[in-house]
Amino acid sequence: MQLFAHLFEDLLLFVYHCFDRVVIHGYLSGLCRPEQAVYFFRDVGGERVISKEVLSRRTQQYQAWVEAYARNHQITIEWAEKGVRKEDYLRPELRHMERKNQHGVYFILKSMEQGNTFRSSVPKYPTPDPNYRILAKQRSRFTHYYFYIRDEVLGAIVMRVASFFPFQTTYYLNGHNFIENELHRENVSFRKNDNAFLAVADSQALQSAADRFRPELIRKRLQYWTLLLGPKFSKRERGAMNLGRFYALSQVEYSRNFIFKRNFPIHKIFERSCEIGLWRMTSSKISEVFGTRLTKKMKGKLYTTLEQIEHGHHVFRAYCRNAFLKQYEKFSTFLRNQLCSNNLSDFGLKKSLGNLDAVREKFLEITDRFAAFQAQCLNVHVDFPLLQRLALPIQVGKGKFPGIKIHDTRMIRLLEILLHTGTKLAGWRTQQIHEAVLQTYHLSPENYGLNQLRYDLRKLKAHGLLQRDGKRYAYRLTEKGNQVALLFVLFHKRLCGPLANSLFHHRPDPKHAPQSKLEAAYHKADTAISEIVQLLAA
């Protein structure tokens, strides 16, 4: 990231990195295995026969508690509709909580999904104990509850609880929601859209807030909501067994975010990054970026692809095993490099929540190598053609203005006049500029009329090359306009013209060149351009 930020620092507004989406599984470590469940029901609960009715009784008790909780707190509980994105459906409810500055559960959804549970079955052959039942793990389809919560620390989170024993829980967090809460607490103004910060008063405060997303804080909040909304166990049951939950990282997304000042460089950078990635991100380069070794025993994916989703929103992806790096642009000035992992063992990391800091360090290294690779590939002359961009039409409000072409003689004349006379303190009025053009180039008013000049001035103003002096109809070149004017005029008179003549018409003999540094530089440029033409032709 440091190399990328250094090479494009004049185009960037600010840069930050943080956790994005984090999915955490919560397991009752004392009830995960069948023998533990048998001990819980028979020795602790006093159930002689661990039948289907005994297992379903726990489910019914918890489902009744959820219905009562929703009724007592006036929380809507519904079945999730098929094909409807849950976050989009419940966004108005979250906005209502934010406007009231309230925290807690604001909605509950029910969904039929696959989950882990136990199955009780009668042995195929008779046993000495008539009460003996076989308890085995199985995956089946049953009701899951989604609790949508606005937490005072983590922001908007989702907690999914399986209604069947052993009540596995899943937590869906987002680092951007946590950062938003932290910035509000510190009274730092910002502008956020979806899961992206587009503007912030203090970029260092933003990064400091992202770094405070720590495992100790997350565990404390998850334990609070699990105790409040999870299945209930008696004091005797909690004392007899270890019913604490083990929190494991299931999916982790870590993002590096580049916010640009304008739309043009980000679109060009992303476009070229996709082309370079598809061409140069070979299997060896992917393994180098991800920090893994290529062996015949390596399993999983290893390739790059460019996907198009949601009306032309392109996403570049580089897959490695069960993880992938993706890059995409959004909101005109936002570019994101994001690493997503579904199995931390691919990186030699443990899945415990306590290893979140190690995950952060590892993912920072990988995204840094990816950004450095792209920065080196983009650090060339051919990727940002200024003249080509100026030649394209531009839309300003409801008006559309043509581009400024370097071969337009009329525009070159106007820029040369503005370059020498239009930079005065009070600027020059249209009539004064018109007279200067006619006198300098010996033109008649019929060849270059006043309306033609006004048209050219509007075109320069639309491209940001010309500005008015306050409310007066007097004009001067902007800083960018001065640079473009110098570029156009010098290219025509001192650079493009002489070099093009040397390439296509007559090239002076370097053996008999005069003792001039400028002429020596021209000969070097002739040689270099000839080599470039040959390389491009090859």
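Here is what the cut-offs are and how they apply
Residues numbered from 1 in each chain as written. Predicted model: local features only at pLDDT ≥ 70, side-chain atom pairs only at ≥ 80, totals over all residues. Heavy atoms only, no water. Salt bridge = Lys/Arg side-chain N within 4 Å of Asp/Glu carboxyl O. Helix = DSSP H or I, 4+ residues; strand = E, 2+ residues; numbered from the N terminus. Buried < 20%, exposed > 50% of the residue type's maximum accessible area, 1.4 Å probe, protein only. Core = buried A, V, L, I, M, F, W, Y, C linked by side-chain atoms within 4.5 Å. Contact = heavy atoms within 4.5 Å. 1 Å grid on protein atoms, 1.4 Å probe; cavity = no way out; pocket = protein on both sides within 12 Å on 5 of 7 lines; lining within 4 Å. Points joined across faces, edges and corners; volume = space filled by probe spheres on them. Nonpolar A, V, L, I, M, F, W, Y, C, P; charged D, E, K, R; others polar. Axes fitted to C-alpha atoms, helices over the stretch in contact; angles between N-to-C directions. Parallel < 35°, antiparallel > 145°, perpendicular 65-115°, else oblique. Polar contact = N/O pair within 3.5 Å; in protein donor to acceptor, adjacent residues only side chain to side chain. Phe/Tyr/Trp six-rings, centres within 6.5 Å; stacked < 30°, edge-to-face > 60°. Lys NZ or Arg CZ within 6 Å of the ring centre and 35° of its normal. Pairing = 2+ DSSP bridges. Right-handed = clockwise from strand over helix to strand, strands pointing away. pLDDT = per-residue confidence, 0-100.

Colleague: Could you clarify how one ought to interpret the pattern of salt bridges in this entry?
Modeller: With the rule as written, the count across this model stands at 21 salt bridges. The closest approach of N and O atoms between Glu186 and Arg212, which form a salt bridge, is 2.7 Å. With Glu186 in the loop between helix H5 (175-185) and strand E7 (190-193) and Arg212 in the loop between helix H6 (203-211) and helix H7 (215-229), the pair connects residues that are 26 residues apart, well separated along the chain. Its relative accessible area of 30% is what places Glu186 among the partly exposed residues. The salt bridge partner of Lys330 is Asp194, with a shortest N-O separation of 3.7 Å. Linking Lys330 in strand E12 (residues 323-330) with Asp194 in the loop between E7 and strand E8 (196-200), this pair joins segments that are 136 residues apart in sequence.

Colleague: Please explain the nonpolar core as it appears in this structure.
Modeller: Generally speaking, soluble globular proteins have nonpolar side chains that are buried together. Ile24, Phe147 and Leu173 are the most contacted members of the largest nonpolar core, which totals 99 residues. When residues of this core are assigned to their parent elements, the largest contribution, eleven residues, is made by helix H11 (residues 356-378). Every residue in contact with Leu173, bar those within four places of it in the chain, is listed here: Asp20, Arg21, Val22, Ile24, Leu154, Ile157, Phe213, Ile218 and Leu222. Core analysis: the next-biggest nonpolar cluster, separate from the first, contains 24 residues, Ile412, Ile417, Ile433 and Phe488 among them.

Colleague: What is the right way to read the layout of surface pockets from this model?
Modeller: Where empty space is left becomes clear once a probe the size of a water molecule has been rolled over the atoms. Counted as a void, the largest pocket has a volume near 1500 Å³. In terms of lining, the largest pocket is formed by 43 residues, of which the most central are Arg85, Glu87, Arg91, Asn174 and Asp194. At eight residues, the largest contribution of residues to the lining of the largest pocket is made by helix H4 (residues 86-100). Its residues assigned to classes, the lining of the largest pocket comprises 15 nonpolar, nine polar and 19 charged.

Colleague: What am I meant to see in the packing of helix H10 (residues 283-290) against H11 here?
Modeller: Any two packed helices are characterised by the angle at which their axes cross and by the distance between the axes. The contact between H10 and H11 brings their axes to 8 Å, and the two run at 135°. Looking at the two axes, H10 sits oblique to H11. Note on element contacts: H11 touches H10 through Ile366, Arg369, Phe370 and Phe373, opposite Lys285, Glu288, Val289 and Phe290.

Colleague: In this structure, what is going on with the side chain of Gln251? I would like to understand it.
Modeller: Mapped onto the elements, Gln251 comes out in strand E9 (residues 245-260). Here Gln251 falls in the buried class, since its relative accessible area comes to 18%. A distance of 3.0 Å separates the side chain of Gln251 from the side chain of Arg21, its partner in a polar contact. Here the side chain of Gln251 touches Asn342 through a polar contact of 2.9 Å, side chain to side chain. Apart from residues lying up to four places away in sequence, Gln251 is in contact with Arg21, Val22, Val23, Cys340, Ser341 and Asn342.

Colleague: Would you mind going over the packing of aromatic side chains with me for this structure?
Modeller: The geometry of an aromatic ring pair is captured by two quantities: the separation of the ring centres and the angle between the planes. Taken as a whole, this structure holds 26 aromatic pairs when the rule is applied. Here Phe14 and Tyr16 contribute two aromatic rings whose centre-to-centre distance is 6.1 Å and whose plane-to-plane angle is 25°, an arrangement assigned as stacked. Tyr16 carries the same exposure label as Phe14, and that label is buried. Feature note: the residues Phe40, Phe41, Tyr62, Trp65, Tyr69, Phe118, Tyr145, Phe147, Phe165, Phe167 and Phe233 constitute an aromatic cluster, connected by ring pairs. Positioned over the ring face of Tyr224 is Arg221, at 5.0 Å from the centre of the ring. Lying across the ring of Tyr319, Lys301 places its NZ or CZ 4.8 Å from the centre.

Colleague: Can you help me understand the pairing of strand E3 (residues 104-121) in this one?
Modeller: Every regular strand shows the same layout, with side chains that alternate between the two sheet faces. Where burial is concerned, most of E3 is hidden: 13 out of the 18 residues are buried. Pairing of strand E2 (residues 77-79) with E3, which is carried by three bridges, proceeds in the parallel orientation. Bridge pairing in E3 places Glu78 opposite Leu109. Regarding topology, H4 serves as the crossover connection from E2 to the parallel E3, and that connection is right-handed. Across 17 bridges, E3 lies against strand E4 (residues 134-151) in antiparallel orientation. Across the sheet, Gly115 pairs through a bridge with Ser140, a residue of E4.

Colleague: I would appreciate a short explanation of the sheet that holds strand E16 (residues 428-429) in the present structure.
Modeller: Backbone-to-backbone hydrogen bonds join strands into a sheet, with any given pair of strands oriented parallel or antiparallel. Pairing is antiparallel across the open sheet formed by three strands, whose spatial order is E16-E18-E17. The open sheet terminates on both sides in strands that have one partner only, identified here as E16 and strand E17 (466-468). Sheet analysis places E16 next to strand E18 (residues 474-477), joined by two bridges and oriented antiparallel. Each bridged residue has a counterpart across the sheet, and for Trp428 the counterpart in E18 is Tyr475.

Colleague: Got a minute to help me understand the confidence of the model for the protein in this structure?
Modeller: Predicted coordinates in regions of low pLDDT should not be interpreted in detail. Per-residue pLDDT for the protein averages 84, and the proportion of residues at 70 or more is 88%. Between the elements of the protein, mean pLDDT differs from a low of 66, seen in helix H12 (residues 386-390), to a high of 96, seen in strand E6 (residues 169-174).

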